[in-house]
Amino acid sequence: MDVFSGFFIDPNLSPGTGRGGGSLLVKMDIEGAEYSVLKELETSGLICSYVQMGNNATLVVEYHKPMIQDPKEKEKAMEGLKEARQNLKLCGVRFHLML
């Protein structure tokens, strides 16, 4: 599933064009689907490209227990989430926990 097929980045908003400075704020409360969405965000590179263009990106996430029953698959999902968050943070994405 390509979560971001409806999104695009304007090629004119690239580093050095002076057209950065935008902000993206995403509130994510999607009942356990945040694991796959954050992994897709990381894999697609879309949000990191947006930040590299001189923009700000903040994700406000409410985490839920993964809806995976198999313990090994659940552990794999949790590790994937941890890796995705780390990589997104490395490219400049900010995270806030929603309670």
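Refer to the structure printed above.
Residues numbered from 1 in each chain as written. Predicted model: local features only at pLDDT ≥ 70, side-chain atom pairs only at ≥ 80, totals over all residues. Heavy atoms only, no water.

Asker: How should I be thinking about the overall build of the chain in this particular structure?
Answerer: Along the backbone of the chain there are three helices and three strands. For the chain, the N- to C-terminal ordering of α and β elements is β-α-α-β-α-β. For the chain, with 99 residues in total, the buried portion stands at 32%. By element, 56% of the accessible surface of the chain is carried by carbon and sulfur atoms, the whole surface being about 6500 Å². (Helix = DSSP H or I, 4+ residues; strand = E, 2+ residues; numbered from the N terminus. Buried < 20%, exposed > 50% of the residue type's maximum accessible area, 1.4 Å probe, protein only. Areas by Shrake-Rupley, 256 points an atom, 1.4 Å probe, with all protein chains shown as cover.)

Asker: Help me understand the pairing of strand β3 (residues 94–97) in this model?
Answerer: Each regular strand carries side chains that alternate between the two faces of the sheet. Inspection of the sheet shows strand β2 (residues 56–61) paired to β3 by four bridges, in the parallel sense. Along β3, the bridge assignment pairs Leu 59 with Phe 95. Between the parallel pair β2 and β3, the chain is carried across by helix α3 (residues 71–90), and the sense of this crossover is right-handed. (Pairing = 2+ DSSP bridges. Right-handed = clockwise from strand over helix to strand, strands pointing away.)

Asker: Got a minute to help me understand the pattern of salt bridges in this structure?
Answerer: Opposite charge on two side chains permits them to pair, given that their charged atoms come into close proximity. Applying the stated rule across the entire model yields two salt bridges. Of the charged contacts, one joins Lys 39 and Glu 42 as a salt bridge, the two residues approaching to 2.9 Å between their closest N and O atoms. Of the two residues, Lys 39 and Glu 42 are both situated in helix α1 (residues 34–44); the distance of three residues between them amounts to about one turn of the helix. Note on Glu 42: relative accessible area 16%, which makes it buried. Each of Lys 39, Glu 42 and Glu 83 takes part in a single network of salt bridges with overlapping partners. (Salt bridge = Lys/Arg side-chain N within 4 Å of Asp/Glu carboxyl O.)

Asker: So what exactly am I meant to see when it comes to the sheet that holds β3 here?
Answerer: Paired through backbone hydrogen bonds, the strands of a sheet run either parallel or antiparallel to each other. Strand order in the open sheet formed by three strands is β1-β2-β3, and the pairing between neighbours is parallel. In the strand order of this sheet, the two ends are held by β1 (23–28) and β3, each with one partner. For this sheet, the mean angle separating the axes of adjacent strands, direction not counted, is 15 degrees. One ladder, built from six bridges, connects β1 with β2; its direction is parallel. (Axes fitted to C-alpha atoms, helices over the stretch in contact; angles between N-to-C directions.)

Asker: Sorry if this is basic, but what is going on with the packing of α1 against α3 here?
Answerer: For any two helices packed against each other, one specifies the crossing angle of their axes together with the interaxial distance. At a minimum axis separation of 9 Å, α1 and α3 run at an interaxial angle of 40 degrees. As summarised for this structure, α1 and α3 are arranged oblique, according to the angle between their axes. Both α1 and α3 take part in a crossing whose hand is left-handed. The segment α1 lies against α3, with Tyr 35, Leu 38, Lys 39, Leu 41 and Glu 42 engaging Ala 77, Met 78, Gly 80, Leu 81, Glu 83, Ala 84, Asn 87 and Leu 88. (Parallel < 35°, antiparallel > 145°, perpendicular 65-115°, else oblique. Left-handed = near helix turned anticlockwise from the far one by under 90°. Contact = heavy atoms within 4.5 Å.)

Asker: Can you help me understand the nonpolar core in this one?
Answerer: In a soluble, globular protein the nonpolar side chains are often hidden away together inside. Membership of the largest hydrophobic core comes to 17 residues, with the highest contact counts inside it found for Leu 38, Ile 47, Leu 59, Leu 88, Val 93 and Phe 95. Of all elements in the fold, only α1, α2 (46–52), β2 and α3 reach the threshold of two or more residues within this core. Among all residues touching Phe 95, those that are not within four sequence positions of it are Leu 38, Leu 59, Val 61, Tyr 63, Arg 85, Leu 88 and Lys 89. (Core = buried A, V, L, I, M, F, W, Y, C linked by side-chain atoms within 4.5 Å.)

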